[in-house]
Amino acid sequence: MDTPLIEFRDVSKSFGSRTVLNKIDLKIHEGHITTIIGKSGIGKSVLLKHIIGLLAPDEGDILFQGVPLSRMKKSEWDSYRSNISYMFQNNALFDSLTIFDNIALPLRQTTNLNSKEIEKKVMLRVEQTELNEVVYKYPSELSGGMQKRAALARALVTDPEIVLFDEPTTGQDPIRKNAILSMIAQYKRKFNFTAIVISHEIPDIFFISDRIILLWEGKIGFQGTYEEAIELHHPMVDELLYSLEGFQDELTGLLSKQTFRARYETALSRTRKKKTVTAVLFNMNLDILSEALGHTASLEVVKSLGDYINTHLDALGGFSARQSRDQILTILPHVDIEETEEMIEEFSSGLEEKWMAKICVWSSSEDSLKLSIFAGITVASSGEDIESIIDKARNNQKIIASIDCKHWR
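Quantities reported herein were computed from a predicted structural model and do not represent experimental measurements.

Thresholds applied
Residues numbered from 1 in each chain as written. Predicted model: local features only at pLDDT ≥ 70, side-chain atom pairs only at ≥ 80, totals over all residues. Heavy atoms only, no water. Phe/Tyr/Trp six-rings, centres within 6.5 Å; stacked < 30°, edge-to-face > 60°. Helix = DSSP H or I, 4+ residues; strand = E, 2+ residues; numbered from the N terminus. Pairing = 2+ DSSP bridges. Expected span 1.5 Å × (residues − 1). Buried < 20%, exposed > 50% of the residue type's maximum accessible area, 1.4 Å probe, protein only.

Enquirer: Looking at this model, I keep getting lost on the packing of aromatic side chains. Mind explaining?
Expert: Where two aromatic rings form a pair, the distance of their centres and the angle of their planes describe that pair. Taken as a whole and judged by the stated rule, the model has nine aromatic pairs. With centroids separated by 5.3 Å and ring planes inclined at 45°, the aromatic side chains of F282 and F347 adopt a geometry described as tilted. Here F347 lies in helix α12 (residues 337-362) and F282 lies in strand β11 (residues 276-283), a separation of 65 residues in the sequence. Members of the aromatic cluster, joined through ring pairs, are F64, W77 and Y80.

Now the structure itself:
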């Protein structure tokens with residue numbers, strides 16, 4: 001396996017008599033979004049501060065691309081440190097500086113670039129994070145979402161390899177939480193950095209995470225994918241996930257993935273004769289929506305689709321959950337596949353007439369916004385896992401509803 005980008009080996013850290021990190025081992029891989037979760041006060045921020053070099057371990061080693069930080073020469077350390085950016089929990093924008101000057105600050109402090117070079121790099125990030133209209137305003141004049149984008153633009157202006165996010169969605173409502181997480185995922189792909197995120201926002205954070213690291217009483221309770229975590233059935237993991245996740249996805253009002261899986265297993269165990277259920281996978285392209293509508297409005301669309309699915313399919317005994325940022329899986333235990341296909345035709349006409357037209361109202365883009373909703377129908381049977389069902393349904397997907405806002409107007 002490739003050498004991890006960052007690795008902790010037997011790292012311990014104590015403050016007085018209190019041990020916060022107790023011989024922990026963890027790996028963070030290049031290009032991933034790795035999320036660190038755990039109860040409050042468990043040591044998540046302490047771990048992050050070790051990565052950035054604000055704290056040093058009492059014991060053990062932290063390695064970057066296989067080289068221990070403690071053995072780096074000054075030039076190696078400076079190079080490592082310059083490749084890391086930090087997006088603070090409260091944005092940490094300076095009220096006395098314009099957005100341009102806030103974003104330019106790291107370049108002025110850590111590089112020898114001249115003013116024209118700085119302006120070029122700042123304006124590139126301003127354009128990429130859609131801040132052109134507010135670049136000479138002050139933070140107090142911006143919405144919370146724009147302040148987050150400004151903080152992210154500042155974190156990215158030095159072209160870092162690694163960006164650390166300390167509770168980036170604290171204090172936001174469900175729509176804005178998911179908009180910020182969507183923004184992180186989209187910009188990670190655009191700028192190709194490695195993201196390390198501390199978050200309490202379960203389950204929302206799982207939709208963008210490649211790997212999860214669970215801190216538990218000073219040790220690593222789990223590290224791996226979300227799917228591996230819930231398949232593990234480890235009491236420590238289950239306790240945290242169930243206590244923090246609850247029963248609903250806050251954004252859409254649909255079931256959480258944990259509760260959805262439990263309902264799915266129960267549904268199959270109760271169908272004694274046939275032991276099969278019908279599954280429908282709904283999908284839209286959230287990145288296209290985000291480009292056209294912005295992150296907040298695009299998440300309003302996802303929320304609205306969740307509400308629509310809940311209203312129309314719950315009455316048939318169905319239950320649904322978001323499986324990724326823009327995919328919703330519905331299980332229909334009491335409806336066979338032929339009936340489901342007929343029902344989807346009626347459902348899709350309602351989508352176009354009553355729901356998708358709302359999207360054109362949200363869209364202020366002068367360009368034509370074209371949006372399609374896909375659905376794939378399949379049969380699931382006892383012993384079949386959710387991932388297998390999603391793969392089968394995805395292979396059967398076709399457009400069930402579409403709209404062109406230019407023609408709608």
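Enquirer: What is the right way to read the sheet that holds strand β4 (residues 59-64) from this model?
Expert: Two modes of strand pairing occur in sheets, parallel and antiparallel, and in both the strands are linked by backbone hydrogen bonds. In spatial order, the strands read β2-β1-β4-β5; together these four strands make up an open sheet with antiparallel pairing. In this open sheet, the two edge strands, each paired with only one partner strand, are β2 (18-28) and β5 (67-68). Of the strand pairs in this sheet, strand β1 (residues 6-15) and β4 are connected by five bridges, and their pairing is antiparallel. Note on β4: the bridge partner recorded for E7 is L63.

Enquirer: Can you walk me through helix α6 (residues 174-191) in this structure?
Expert: Turn by turn, an α-helix covers 3.6 residues, leaving residues three or four places apart pointing in a common direction. With 18 residues, α6 ought to run about 26 Å at 1.5 Å a step, and its terminal C-alpha atoms sit 26 Å apart, in line with that. Of all 18 residues in α6, 14 are buried; the element is thus mostly enclosed. Looking at the residues trailing α6, positive phi occurs at N192, about 60°.

Enquirer: It is not clear to me how the pairing of β11 should be interpreted in this structure. Could you clarify?
Expert: One face of the sheet, then the other: side chains in a regular strand alternate in exactly this way. In terms of burial, β11 is a largely internal element, seven of the eight residues being buried. The pairing of β11 with strand β14 (residues 370-381) spans eight bridges and is classified as antiparallel. In the sheet register, A279 faces β14, and the bridge partner there is T378. Here β11 runs beside strand β13 (residues 327-332); their pairing, made up of six bridges, is antiparallel. Residue N283 lies in a different strand from β13, and its bridge partner there is Q327.

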